[in-house]
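One letter stands for each residue in the lines below.
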Amino acid sequence: MTAAENERYSRQILFPGLGVEGQERIGRAAICIVGCGALGSFQAEALARAGVGRLRLIDRDYVDYTNLQRQWLYDESDAQNESPKAVAAARRLRQINSHVLVEPLVKDMTPSNAEELASDFDIILDGTDNFETRYLINDLSVKLKRPWVYGAAVGSYGVVMPIVPGRGPCLACVYPEPPAGAQPTCDVNGVIAPVTASVAALQVALVMRLLSGWEGFASFIQTIDVWQGVNKRLSAGPPDPDCRVCGSAGEFRFLDGRKRTPVSLCGRNAVQLHENARPLDLWALAARLRPLGVVRVNEFALRLSVPKYDVTFFPDGRAIVKGTTDVGVARSVYAQLVGS
Ligand SMILES: [Zn+2]
C-alpha cells in the first residue's frame, strides 16, 4: 500500500477488525453487484469509498424520478435523460474514487449469462428486487463455491443473510422455494430510504467481514424494522444435507434454466412469462394493483392497464406483458407488480 492509500483509508485501517491486512484484502477484492437500485447503488458507493479493487455493476433499468427518493448516486439529470443506472452509477463512482476499477453492464442477469457475468468475482452482492434472480445467484454461488450476501427491503422492513457455501446454509436450505403467491413489492407497497440504506449498509459490513477472513463464521439472518426500531438476529441453522442446491442432489434448477423460459410473442409486442408459474390469487392481486391503474378481473384472468403496459395475469402464475418485446423489461414489470 502506498503512503497516500494509508492516509486515505486510515480510519478504516485503525478499525481493529480490518487493520492494514484487511485494507489490503479490500483493495485486491473484486465484487459483483447484481442490481443498481436502492440497495445496489448504496452498496456500490460504500465499497468504492472503502477502496475495493474492482466493482462490476449489472443493471438493465433506467433512472426515473420515482428512484431518486431512495437510490444513491443518481440525480435529476439522470432521471431526465433516462440514463441507464449502471452507467450513471459508474460515472459518479469514478468521481468518488478514481482508483476503483468500475465495470458497468446494462444487462439483465439470466440463466444463460449469469456464469459469464459473475464467475470472476470474490463475492456477489444482492441488489435485486426479485426471488427469481436471487435463486439464480444462489445456484451460481454454490456451484462456484463463492460467497454472496442476500438482502431485501420493502416498507420499513428489511432482511440480510450472508451465504458462504461449504461453511453455512445456502438460501435454498433456509427457504427451499420462492415464496408462493404475490409478495409485497416497493412499487405496490412502498418503501422508505432508511430501510434500503440500512439493509445495504449491513450487506457491505458483511462483505468487509468476509474479506477480512471471518474466523468462526456462522451464518445468521438479520431482520430490521426502522419504523418500529426493532432489530433481530436469528440463527440460519446448519446446511440442510437434503438441500436441492448445496445438498447431495446438487441441482442448479435456476442456473440450468430448467424452469420454463419466457417467450417474446412474435408480432404482438408482448412477452409471455412462464418462469414464475406458481398460483396467484387473482382477486387478492386485483385489490393490491387497483391503485396503480385500471384493473379488470374474472376467474380466468386479471388485466392491469398502466400507461406503458397491459399486463394479463393467469391463475397459474403465467403472465403476458404487452407493450414490450424485451424479456428483461417484461420480467422487471412482473417483478415490480407481483414480487416475482
Ligand atoms: Zn442449501
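One can find the structure itself at the top, above this paragraph.
For the structure given in this document, a descriptive report is provided here. Everything quoted here is computed from the prediction, not taken from an experiment.

1. Brief notes about unusual backbone geometry
Move 1: Located in the positive-phi region is Leu73, a residue other than glycine, with phi close to 75 degrees.
Move 2: Mapped onto the elements, Leu73 comes out in the loop between strand 2 (54-58) and helix 5 (76-81).
Move 3: By the C-beta count within 10 Å, which is 23 here, Leu73 ends up buried.
Move 4: Although it is not a glycine, Glu82 sits at a positive phi angle of roughly 50 degrees.
Move 5: Considering the arrangement of structural elements, one finds Glu82 in the loop between helix 5 and helix 6 (85-96).
Move 6: Since 11 C-beta atoms lie within 10 Å of it, Glu82 is described here as exposed.

2. Some thoughts on the packing of helix 4 (residues 38-50) against helix 11 (residues 193-211)
Move 1: Orientation of helix 4 relative to helix 11, taken along the N-to-C sense of each, is 45 degrees, at an axis distance of 8 Å. For the element pair helix 4 / helix 11, the angle class is oblique. Relative to helix 11, helix 4 is oriented so that their crossing is right-handed. Taken together, the residues of helix 11 that come into contact with helix 4 (itself represented by Ala38, Leu39, Phe42, Gln43, Ala46, Leu47 and Ala50) are Thr196, Ala197, Val199, Ala200, Ala201, Gln203, Val204, Val207 and Met208.

3. Side note on the pairing of strand 13 (residues 310-313)
Move 1: The two faces of strand 13 differ: Val311 and Phe313 on one face are buried, but Asp310 and Thr312 on the other face are not.
Move 2: Of the strand pairs in this sheet, strand 12 (residues 302-305) and strand 13 are connected by four bridges, and their pairing is antiparallel. Following the sheet pairing, Ser305 is matched in strand 13 by Asp310.
Move 3: Bridge count between strand 13 and strand 14 (residues 319-322): four bridges; the pairing is antiparallel. Considered in strand 14, the bridge of Thr312 is made with Ile320.
Move 4: What sits between the antiparallel neighbours strand 13 and strand 14 is a turn of five residues, in which Gly317 has the positive phi angle 100 degrees.

Conventions we followed
- Residue positions within a chain follow its written sequence, with the count starting from 1.
- Totals for whole chains, interfaces and linings use all residues, but because this is a predicted model, local features are given only for residues with pLDDT of at least 70 and pairs of side-chain atoms are given and counted only at 80 or more.
- Each helix is a run of DSSP H or I of at least 4 residues and each strand a run of E of at least 2, with the numbering of both proceeding from the N terminus.
- A residue is called partly exposed when the number of other C-beta atoms within 10 Å of its own lies between 12 and 20, exposed at 12 or fewer, and buried at 20 or more, with C-beta atoms placed from the backbone.
- The angle between two axes is taken between their N-to-C directions and runs from 0 to 180 degrees, where each axis is a line fitted to C-alpha atoms and a helix contributes only its stretch in contact.
- Orientation is classified from the angle alone, with under 35 degrees giving roughly parallel, over 145 giving roughly antiparallel, 65 to 115 giving roughly perpendicular, and any other angle giving oblique.
- Put simply, a crossing is left-handed when the front helix is turned counterclockwise from the back one by less than a right angle, and right-handed when it is turned clockwise.
- Contacts here follow a simple rule: the backbone-placed C-beta atoms of the two residues must lie within 7 Å.
- Any two strands with at least two DSSP-identified bridges between them are counted as paired.

Shape is all these values report; function is a separate question.
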